[in-house]
Protein chains: 2
Amino acid sequence: MHTKNSHRYCVIMCGGIGSRFWPYSRTSLPKQFLDFFGTGSTLLQMTYERILPIVNAENIIVVTNAEYADLVREQLPDIKPENILYEPARRNTAPCVAWAASHIRSIDPEGSMIVTPADHLITRQPEFIEAVKRGFDFVEQNDALLTLGITPMRPDTGYGYIQVGERIDGNISKVKTFTEKPDRQMAEVFLSTGEFFWNSGIFLWRTATILEAFDKCAPEIAALFKHCDTLTDDRQRQHYIETHFASCPAISIDYAVMEKADNVYVETVKFGWSDLGTWSALFDHSPKNRDNNVTQNCNVLSYDSSGNIFAVRGEKLIVVNGLHDYIVADAGDVLLICPKADEQRIRNIVNDAHASFGDKFI
Amino acid sequence: MHTKNSHRYCVIMCGGIGSRFWPYSRTSLPKQFLDFFGTGSTLLQMTYERILPIVNAENIIVVTNAEYADLVREQLPDIKPENILYEPARRNTAPCVAWAASHIRSIDPEGSMIVTPADHLITRQPEFIEAVKRGFDFVEQNDALLTLGITPMRPDTGYGYIQVGERIDGNISKVKTFTEKPDRQMAEVFLSTGEFFWNSGIFLWRTATILEAFDKCAPEIAALFKHCDTLTDDRQRQHYIETHFASCPAISIDYAVMEKADNVYVETVKFGWSDLGTWSALFDHSPKNRDNNVTQNCNVLSYDSSGNIFAVRGEKLIVVNGLHDYIVADAGDVLLICPKADEQRIRNIVNDAHASFGDKFI
């Protein structure tokens, strides 16, 4: 007999390369594997520990890139080897979700699942737990694709927004629209209406529900994993993934399914969330020292300097004089100094560094 | 029979700790031991090679601190072991000069000597050679303490100035006054008169002349080394230095002797000189890249950044965006970011770092 918990699964998406945090985060050691706040836990470990009160450890699946195999096994030694799925190529979130859902269905046809990125910050775990429990209850009783919508704290232009429609049950509503990242003015309008919530990228559904949605909305992806399910031998399946996964389109679950399906719901929540997607977001979410600087894992002596974020790997002394609102990130062989306001340039900078020096500093 | 050259000696003062270039220069590896310009030669090696056409290698004496013994032997493998004098304590330049002069006299009572810091830059060696030859000729024929005065290029407030008096011979004059570092207005007056020259800290004299001057102007220092000379055994002398050197006052040769003696002369010269005493001086003397930045031993990708000096030990990529007129110095375990205009704060910063972390980062 299954208990309720034993049908609940968690899929941690852990294949990102964290390029926006270069050089603190590197392709060889992306941000989910870093002890970002110097607490002793990496973001991946925090994600794993956060979900443990709701999902049994043996029901936690990690989807990652083959090159991070050692990092995942080292950071999550309790996870079952067969619960780590290694993507042979980076194809955004839709193929990842389809594979994980089809994997879970092959173990437990009645399974339901939460999908969460490995590199988000959630500061209030009790409220997270309650929200996720409500979400599981809802999707287990309804043919629903449920996304968590975060009550916005400010007119942020770095997030997509979800507009709520008809209220269904408590803080669960039909989704009216998904929006792209708005400009500042639009974001302020969104906030003033009270109808818009940040798209967290955290989802709940039964595996049967999401796989049906793939059938309808992204049949080419659905077909690929459906064939995989017909293989009974693990090695055959592994070989199939290795040869066919890369043929999936690189597309997000939002674009591929959520924006097309008609059974999409949002649970509006408030549990101290950040996707830690940018240095500025990290700065906003981190405790400041008395000079209003944020220091990640380093000693800082600062003079006439404020609003900076210092992120350094390893034990290092940073001495800074007369610097305001900069990112200073040191990764041993690379040092970045860039105004926080120019952080969107970092992607171009990484490209330039690649053009000049190859993979050496990437 | 001695040839003319064989009575000529060079004393390289090599005991400084280079604290103004912290953290690029560290107590454990001060600036004279660094390949400052990435040319393959350290400042000490450049000083040694610069003097070789005038002074025989076996007549070159290095005075340094005991803790730099290995560095000197490694960087100047051709120097005779007995020509390296190890100061057991830092006592500024007067005790250093008195010891070296008394050491040379014990080898060669007719010796004359040039005293030079190990960490200056001289860009035009042929003119340096000519100036030093003229200086040697002058002090060998006169009871003269000769200092080299650099024709000033700008109203620099970082140097002491020498005012010339009566002209003696070509570009050799009596010294009228030594001045402290002037303020900007005074420096401009100095420049406009044509009578003031930068005090280079490079001196020439016969050992007999300087030791007589010590007798008159700094008898307590003179007495100490006079007693040392009475000891005939090397080990006795070494023991004597180790137990008595620290009792010398810490005083510069300028204060102790040059400003008091009446046989002081200046040879005015022009050979592309800098004492490399400050980051700004280094910036001014270094080749700039097309964005007007100076890079010492590092790869730099810069965007909207100019007037900076990047000094990094080891192979490292510096990426900088929107930074102007800063010093960025990285020494592995310490990173300094400071406006060039605030470089005088670095001494205080080093003190603060010492107060907070002990010797660790000094």
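In this report, the structure presented in the accompanying data block is examined. Sequence order as written defines residue numbering, which begins from 1 separately in each chain. Whichever chain is written first is A, and whichever ligand is written first is 1; the rest continue in order. Local features in this predicted model are restricted to residues of pLDDT 70 or higher, and side-chain atom pairs are both shown and tallied only at a pLDDT of 80 or more, whereas totals for entire chains, interfaces and linings draw on every residue. Calculation of side-chain values draws on the structure's entire complement of heavy atoms; hydrogens and water are dropped beforehand.

Things to note about the overall build of chain A
Moving on, step 1. In terms of regular secondary structure, chain A is built from 11 helices and 17 strands.
Moving on, step 2. Computed over the C-alpha atoms, the radius of gyration of chain A is 21 Å, within 12% of the 21 Å expected from 2.2 N^0.38 for a compact globule of 362 residues.
Moving on, step 3. Projecting the C-alpha coordinates of chain A onto the three principal axes gives extents of approximately 65 × 50 × 35 Å.
Moving on, step 4. Burial classes follow relative accessibility: with a 1.4 Å probe on protein chains only, a residue under 20% of its type's maximum area counts as buried, one over 50% as exposed, and anything between as partly exposed. Counting across all 362 residues of chain A, residues that qualify as buried make up 57%.
Moving on, step 5. In what follows, residue pairs with any heavy atoms lying within 4.5 Å of each other are defined as contacts. The long-range fraction of contacts in chain A, counting pairs at least 24 apart against all pairs at least 6 apart in sequence, stands at 66%.
Moving on, step 6. To measure how exposed things are, a 1.4 Å probe is used in the Shrake-Rupley method; for residues, cover is taken only from the protein chains shown. Of the roughly 14900 Å² of accessible surface on chain A, 49% is carried by carbon and sulfur atoms. Strands here mean DSSP runs of E at least two residues long; helices mean DSSP runs of H or I at least four residues long; both are numbered from the N terminus. Just to be clear, the radius of gyration here is over C-alpha atoms, and the globule rule we use is 2.2 Å times residues to the power 0.38.

Some thoughts on the pattern of salt bridges
Moving on, step 1. Salt bridges, as used here, are contacts in which a Lys or Arg side-chain nitrogen is within 4 Å of a carboxyl oxygen on Asp or Glu. Applying the stated criterion across every chain, the model contains 34 salt bridges over all chains.
Moving on, step 2. With a closest N to O distance of 3.0 Å, arginine 237 of chain B and aspartate 234 of chain B form a salt bridge. Remark: aspartate 234 of chain B and arginine 237 of chain B occur in helix 8 (residues 234-244); sequence separation between them is 3 residues, near one turn of the helix.
Moving on, step 3. Classification of arginine 237 of chain B as partly exposed rests on a relative accessible area of 23%.
Moving on, step 4. Here the salt bridges do not stand alone but share partners, grouping Lys316 and Asp330 of chain A together with Lys316 and Asp330 of chain B into one network.

Describing the state of the cysteines
Residue and element names in this part refer to chain B.
Moving on, step 1. Criterion for a disulfide: a pair of cysteine sulfur atoms at a distance within 2.5 Å. Across all of its chains, the model carries 0 disulfides over all chains by this definition.
Moving on, step 2. As a non-bridged cysteine, cysteine 96 has cysteine 14 as the owner of its nearest cysteine sulfur, 9.8 Å distant.
Moving on, step 3. On the accessibility criterion, cysteine 96 (4% relative accessible area) is buried.

What to know about the relation of the copies chain B and chain A
Moving on, step 1. Residues below a pLDDT of 70 in either copy are left out; the C-alpha atoms of the rest, at least 70 in both, set the least-squares superposition of the copies. The transformation that overlays chain B on chain A combines an axial shift of 0.0 Å with a rotation of 179°, and the residual RMSD is 0.1 Å. On this basis, the relationship between the two copies can be described by a two-fold rotation axis. The rotation axis passes nearest to the C-alpha of glycine 332 of chain B in chain B, at a distance of 3.7 Å.
Moving on, step 2. Of the residues that chain B buries at the interface, 100% are likewise interface residues in chain A, meaning the two copies contact each other through the same surface.

Structural notes on the interface of chain B and chain A
Moving on, step 1. Taken together, the contact pairs 33 residues of chain B with 34 residues of chain A.
Moving on, step 2. Accessible surface is computed with a 1.4 Å probe, and the buried area is the amount of it that two parts give up when combined, taken over both parts together. Between chain B and chain A, a total of about 2800 Å² is buried, with carbon and sulfur atoms accounting for 59% of that surface.
Moving on, step 3. Applying the counting rule to chain B against chain A returns 2 salt bridges.
Moving on, step 4. A salt bridge links lysine 316 of chain B to aspartate 330 of chain A, with the shortest nitrogen-to-oxygen separation between them at 2.7 Å.
Moving on, step 5. Contacts described as polar in this section are N or O atom pairs within 3.5 Å, which, within protein, must combine one atom able to donate a hydrogen with one able to accept it, while residues neighboring in sequence count only if both atoms come from side chains. There are 22 residue pairs in polar contact (both at pLDDT 80 or more) connecting chain B and chain A.
Moving on, step 6. For the side of chain B that touches chain A, the secondary-structure elements that each account for two or more residues are strand 13 (299-303), strand 15 (317-321), strand 16 (326-330), strand 17 (334-339) and helix 11 (346-357) of chain B.
Moving on, step 7. In terms of residue count, the dominant contributor to the side of chain B that touches chain A is strand 17 of chain B (6 residues).

As for the packing of helix 7 (residues 219-230) of chain A against helix 8 (residues 234-244) of chain A
Helix-helix packing is described using two parameters, namely the angle between the two axes and the distance between the axes.
All names here are of chain A.
Moving on, step 1. Whenever a helix is involved, its axis is fitted only over the stretch in contact; in every case the axis is a line through C-alpha atoms, and angles between N-to-C directions fall within 0 to 180 degrees. Between helix 7 and helix 8, the least distance of the axes is 9 Å, while the angle of their chain directions is 160°. Judged by the inter-axis angle, helix 7 sits roughly antiparallel to helix 8. As helix 7 runs across helix 8, the sense of the crossing is right-handed. Contacts between helix 7 and helix 8 involve Leu224, Phe225, His227, Cys228 and Asp229 from the first element and Arg237, Tyr240, Ile241 and His244 from the second.
Moving on, step 2. Residue classes follow a fixed rule: Ala, Val, Leu, Ile, Met, Phe, Trp, Tyr, Cys and Pro count as nonpolar, while Asp, Glu, Lys and Arg count as charged, and any other residue, Gly among them, counts as polar. Here the contact of helix 7 with helix 8 is built from residues that sort into 5 nonpolar, 2 polar and 2 charged. Just so you know how the angles are binned, under 35 degrees is roughly parallel, over 145 roughly antiparallel, 65 to 115 roughly perpendicular, and the rest oblique. Rotating anticlockwise by less than a right angle from the far helix to the near helix defines a left-handed crossing, while the corresponding clockwise rotation defines a right-handed one.

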